[in-house]
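If you want the building blocks of each chain, they are given just below.
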Amino acid sequence: MNRVGIVALQGNFEKHAEAIRACAHEGVEIQFVRTPQHLDGVDRLIIPGGESTTVGILMQRFGLGEAIQKVVREGMPVWGTCMGMIMLATDIEGNDQYRLRLLDITVRRNAFGAQVHSFEAPVKVDVLTEPVMGVFIRAPIVSRVGDKVKSIATFDGKCVAVQEGKMVGTSFHPELTDDTSFHRWFLNL
Ligand code: GLN
């Protein structure tokens, strides 16, 4: 049994739950995570898209940030999409907002410019056989990757997905497409 925690403080966590249910081959359970107690019995964790400043404040207030840091340092696989990747980062360009500092990257928020709020483009991800449709919504890019971090996808010459062991970050939102290949890959990580 795979028990997938999805951080559900704010943002589009429901879409991740739908994607996980759609690939629930061998009995996958979903646990929405709002407090540290909700992490009990969870095998892997998704941090969805949303607003990173808001979620940072809420994570601090409920002690969830520290609890996530603990379980991820102990080896729990974690995947952050867009805001989730911003939350996982060690550094955010020009910004001191709360983040988990788990994944050794620097992110640039809203990196595609205020004029380009969202767009879609196919993205080849190294860990998947087929390209996925990348949905970018006020998306960040990764402007620095640490020594142990692999860039696993680029778009327009910019790094848009990374992996460091069992920690994964994507600038785009696979949960907003019908393609569950990224979710299936993460369930087996
Ligand atoms: N731009 C948002 C932020 O910085 C992230 C957007 C998203 O998650 N779709 O928090």
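That block above? That's the structure.
What counts, and at which threshold
- Residues numbered from 1 in each chain as written.
- Predicted model: local features only at pLDDT ≥ 70, side-chain atom pairs only at ≥ 80, totals over all residues.
- Heavy atoms only, no water.
- Helix = DSSP H or I, 4+ residues; strand = E, 2+ residues; numbered from the N terminus.
- Rg over C-alpha atoms; globule rule 2.2 N^0.38 Å.
- Buried < 20%, exposed > 50% of the residue type's maximum accessible area, 1.4 Å probe, protein only.
- Contact = heavy atoms within 4.5 Å.
- Near = heavy atom within 4 Å.
- Polar contact = N/O pair within 3.5 Å; in protein donor to acceptor, adjacent residues only side chain to side chain.
- Areas by Shrake-Rupley, 256 points an atom, 1.4 Å probe, with all protein chains shown as cover.
- Core = buried A, V, L, I, M, F, W, Y, C linked by side-chain atoms within 4.5 Å.
- Phe/Tyr/Trp six-rings, centres within 6.5 Å; stacked < 30°, edge-to-face > 60°.

Peer 1: Would you mind showing me how to read the overall build of the protein chain here?
Peer 2: Helices and strands together make up the secondary structure of the protein chain, namely 5 helices and 12 strands. On C-alpha atoms alone, the protein chain measures out to a radius of gyration of 15 Å, which is about the 16 Å that the 2.2 N^0.38 rule sets for 189 residues. Each principal axis of the C-alpha distribution contributes one length, and for the protein chain these read about 40 × 35 × 30 Å. For the protein chain, the residues scored as buried account for 54% of the 189 residues in total. Taking the contacts inside the protein chain whose residues are at least 6 apart along the sequence as the reference set, 68% of them involve residues at least 24 apart.

Peer 1: What is the right way to look at the site of the ligand in this model?
Peer 2: In the vicinity of the ligand, the residues found are Gly49, Gly50, Glu51, Ser52, Cys82, Met83, Ile86, Arg109, Asn110, Ile137, Arg138 and His173. Separating an oxygen atom of the ligand from a backbone N or O atom of serine 52 is a distance of 2.7 Å. For the ligand, an oxygen atom lies 3.0 Å from a polar atom in the backbone of methionine 83. Protein chains bury 97% of the 300 Å² of accessible surface belonging to the ligand in isolation.

Peer 1: What is the right way to read the side chain of histidine 183 from this model?
Peer 2: Mapped onto the fold, histidine 183 is located in helix α5 (residues 181–187). At a separation of 2.9 Å, a polar atom in the side chain of histidine 183 contacts the side chain of histidine 16. When sequence neighbours within four positions are dropped, the list of residues in contact with histidine 183 reads His16, Ala19, Ile20, Cys23, Ile46, Trp79, Pro174 and Glu175.

Peer 1: What exactly am I supposed to notice about the nonpolar core here?
Peer 2: Taken as a class, soluble globular proteins show a tendency for nonpolar side chains to be buried jointly. With 34 residues, the main nonpolar core has Met59, Ile68 and Ile105 as its most contacted residues. Every element with two or more residues in this core is listed here: β3 (44–47), α2 (52–61), α3 (64–73), α4 (83–88), β5 (89–92), β6 (103–108) and β11 (158–164). Non-local contacts of isoleucine 105, meaning those with residues more than four positions away in its chain, are made with Met85, Ala89, Thr90, Asp91, Val142, Arg144, Val145, Val149 and Val162. Residues Phe112, Leu128, Ile152 and Val168 belong to the second largest nonpolar core, which totals 32 residues.

Peer 1: Would you take a moment to explain the packing of aromatic side chains for this structure?
Peer 2: We describe a pair of aromatic rings using the distance from one ring centre to the other and the angle between the two ring planes. By the definition in use, this model includes 12 aromatic pairs. Arranged with centres 5.5 Å apart and planes meeting at 70°, the rings of phenylalanine 13 and phenylalanine 32 form a pair that is edge-to-face. Here phenylalanine 32 lies in strand β2 (residues 28–33) and phenylalanine 13 lies in helix α1 (residues 13–22), a separation of 19 residues in the sequence. Here phenylalanine 13 matches phenylalanine 32 in class, with each residue buried. An aromatic cluster is defined as three or more aromatic residues linked by ring pairs; in this entry it consists of Trp79, Phe112, Phe119, Phe136, Phe155, Phe172, Phe182, Trp185 and Phe186.

Peer 1: Sorry if this is basic, but what is going on with α3 here?
Peer 2: Side chains of residues three or four places apart in an α-helix project in the same direction, reflecting 3.6 residues per turn. Along α3, 7 of the 10 residues are buried, which leaves the element largely enclosed by surrounding structure. For α3, the elements touching its buried residues are β1 (2–7), β2, β3, α2, β4 (78–81) and β12 (167–170). One or two steps after α3, the chain reaches glycine 75, where phi turns positive at roughly 115°.

Peer 1: Explain the environment of arginine 138 to me, please; I cannot follow it from the model alone.
Peer 2: On the secondary structure map, arginine 138 appears in the loop between β8 (132–137) and β9 (141–145). Separated by 127 residues in sequence, arginine 138 and glycine 11 have C-alpha atoms that sit 13 Å apart. Looking at arginine 138, its side chain comes within polar contact range of the side chain of glutamate 51, at 3.4 Å.

Peer 1: Is there a simple way to explain the side chain of asparagine 2 in this structure?
Peer 2: Following the sequence through the fold, asparagine 2 ends up in strand β1. A distance of 2.9 Å separates the side chain of asparagine 2 from the side chain of arginine 44, its partner in a polar contact. Of the polar contacts made by the side chain of asparagine 2, one reaches the backbone oxygen of leucine 187; its length is 3.2 Å. Sequence-distant contacts of asparagine 2, defined by excluding residues within four places in its chain, comprise Gly27, Val28, Glu29, Asp43, Arg44 and Leu187.

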